[in-house]
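Listed below are the residues making up each chain.
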Amino acid sequence: MQSYKDKVFIGIDPGMNGGIAFIKQEMDSFSIQSMRCPKTVHEMAELFEVGVKLADNPDNVVLFVEHVWSFPGDGRVGAFRFGYNYGLWKGIAGANKVDVYNISPRKWQGSLDAPNLQGRDRKKWLKEYAETLYPNIKITFNVSDAILIANYAKDCYISSIEDGEEMPESELGMGVIQ
């Protein structure tokens, strides 16, 4: 197995009840840490810096942030808060000189062959899927998407290395991986 020991794969579900997950190679397996989204920007920044320190270098961080948008029924306050967290995570990444890969929910969830479920049933299926990938850690609804996004980042990176291809364009190109 090719070594990816220098890389830390970070997945962020930027919703208010979302989370952040870090995946790093340890010997012949991958270790994972996940946390619920902190309530303050200072706590968010401190938590993000943990991932950067795990990598020893911002260039060794592969960060996928779920690309979010509001829906007509979300209401102004909910939509603002949703976008606010998204912007905070992107600003924190930029301050740490980490490139951001925006990933649409359709893309990362599509890689799982998820059944066509909605609402709570979809969240439950995603949580259970994350538990099959990482059975040795406690997975909650708050962190399950972040874990799956980090896992998708890892899989994309490894696949690009093995196939001799470039990673998709990061936000520097303002792209969203759809």
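Everything below is about the structure shown above.
Structure report, in brief. In this text the structure is predicted, and so the values were computed from the model without any measurement. Numbering of residues starts from 1 in each chain and follows the order in which that chain's sequence is written. With the structure being a predicted model, the display of local features is reserved for residues of pLDDT at least 70 and the display and counting of side-chain atom pairs for 80 or more, all residues being used for whole-chain, interface and lining totals. Heavy atoms from the whole structure form the basis of all side-chain values; hydrogens and water molecules are not counted.

### Some remarks on the overall build of the protein chain
By the criteria applied, helices consist of DSSP H or I runs no shorter than four residues and strands consist of E runs no shorter than two, each listed in order from the N terminus. Within the protein chain, the secondary structure is distributed over five helices and six strands. When the helices and strands of the protein chain are read in sequence order from the N terminus, they spell out β-β-β-α-β-α-β-α-α-α-β. Partly exposed describes any residue whose relative accessible area lies between the buried limit of under 20% and the exposed limit of over 50%, with all areas from a 1.4 Å probe on protein chains only and scaled to the type maximum. Buried residues in the protein chain amount to 45% of all 178 residues. Contact criterion: two residues are considered in contact whenever any of their non-hydrogen atoms come within 4.5 Å of each other. Sequence-distant contacts in the protein chain: of pairs separated by 6 or more residues, those separated by 24 or more amount to 62%. With residues, only the protein chains shown are counted as cover, and all accessible areas are computed by Shrake-Rupley using a 1.4 Å probe. As displayed, the protein chain offers around 9800 Å² of accessible surface, 51% of which is attributable to carbon and sulfur atoms.

### A closer look at the environment of Ile139
Here Ile139 is to be found in the loop between helix H4 (119-133) and helix H5 (141-162). Considering only alpha carbons, one finds Ile139 and Glu128, eleven residues apart in sequence, at a separation of 8.6 Å. Once residues lying within four places of it in the same chain are set aside, the contact partners of Ile139 are Lys127, Ala130, Glu131, Tyr134, Ser144 and Ile147.

### Some words on the packing of H4 against H5
Here an axis means a line fitted to C-alpha atoms, over the contact stretch when the element is a helix, while the angle between two N-to-C directions is reported on a 0 to 180 degree scale. For the pair H4 and H5, interaxial distance at closest approach is 9 Å and the crossing angle is 60 degrees. Considering their axes alone, H4 and H5 lie oblique with respect to each other. Viewed along their axes, H4 and H5 form a crossing whose handedness is left-handed. Between H4 and H5, the contacting residues are Arg120, Lys123, Lys124, Leu126, Lys127, Tyr129, Ala130 and Leu133 on the first element and Phe141, Ser144, Asp145, Ile147, Leu148 and Asn151 on the second. Here the word oblique covers every angle except those under 35 degrees (roughly parallel), over 145 (roughly antiparallel) and from 65 to 115 (roughly perpendicular). Each crossing gets its hand from how the near helix is turned against the far one by less than a right angle, where anticlockwise is left-handed and clockwise is right-handed.

### Thoughts on the packing of aromatic side chains
To pair, rings of Phe, Tyr and Trp, with the six-membered ring standing in for Trp, must have centres within 6.5 Å; the planes then decide the type, stacked if under 30 degrees apart, edge-to-face if over 60, and tilted in the middle. Applying the stated criterion across every chain, the model contains four aromatic pairs. Ring centres 5.3 Å apart and planes at 40 degrees place the aromatic pair Phe64 and Tyr101 in the tilted group. With Phe64 in strand E4 (residues 61-66) and Tyr101 in strand E5 (residues 100-103), this residue pair connects regions lying 37 residues apart in the sequence. Each member of the pair, Phe64 together with Tyr101, is buried.

### A look at the pairing of strand E2 (residues 19-26)
Within E2, seven of the eight residues are buried, leaving the element largely enclosed by the surrounding structure. Two strands are said to pair when DSSP picks up at least two bridges between them. Here strand E1 (residues 8-13) pairs with E2 via six bridges, running antiparallel. Bridged to Gly11 within E2 is Ala21. Sheet topology places E2 next to strand E3 (residues 29-36); eight bridges connect them, and they run antiparallel. Note on E3: the bridge partner recorded for Phe22 is Gln33.

### Here's the deal with the nonpolar core
Among the buried residues, those of types Ala, Val, Leu, Ile, Met, Phe, Trp, Tyr and Cys that are joined through side-chain atoms within 4.5 Å form a nonpolar core. Membership of the largest hydrophobic core comes to 28 residues, with the highest contact counts inside it found for Phe9, Ile23, Val62, Phe64, Trp108, Ile147 and Met167. Where this core is concerned, the elements lending two or more residues are E2, E3, E4, E5, H4 and H5. The element best represented in this core is H5, accounting for eleven residues. Counting 22 residues, the second largest nonpolar core, distinct from the first, contains Ala55, Leu63, Trp89 and Val98.

### Here we look at H4
For H4, spanning 15 residues, the distance from its first C-alpha to its last is 22 Å, which sits close to the expected 21 Å at 1.5 Å a residue. Tucked inside the fold, the buried residues of H4 contact E1, helix H3 (105-110) and H5. Each residue after the first adds 1.5 Å to the expected span of a helix.

### Some thoughts on the pairing of E4
Counting buried positions along E4 yields six of six residues, so the element is predominantly enclosed. Residues Val61, Leu63 and Val65 of E4 are buried on one face, and the alternating residues Val62, Phe64 and Glu66, pointing to the opposite face, are buried as well. Pairing analysis gives five bridges linking E1 to E4, with the strands arranged parallel. If you follow Gly11 over to E4, its bridge partner there is Phe64. By the bridge criterion, four bridges tie E4 to E5 in an arrangement that is parallel.

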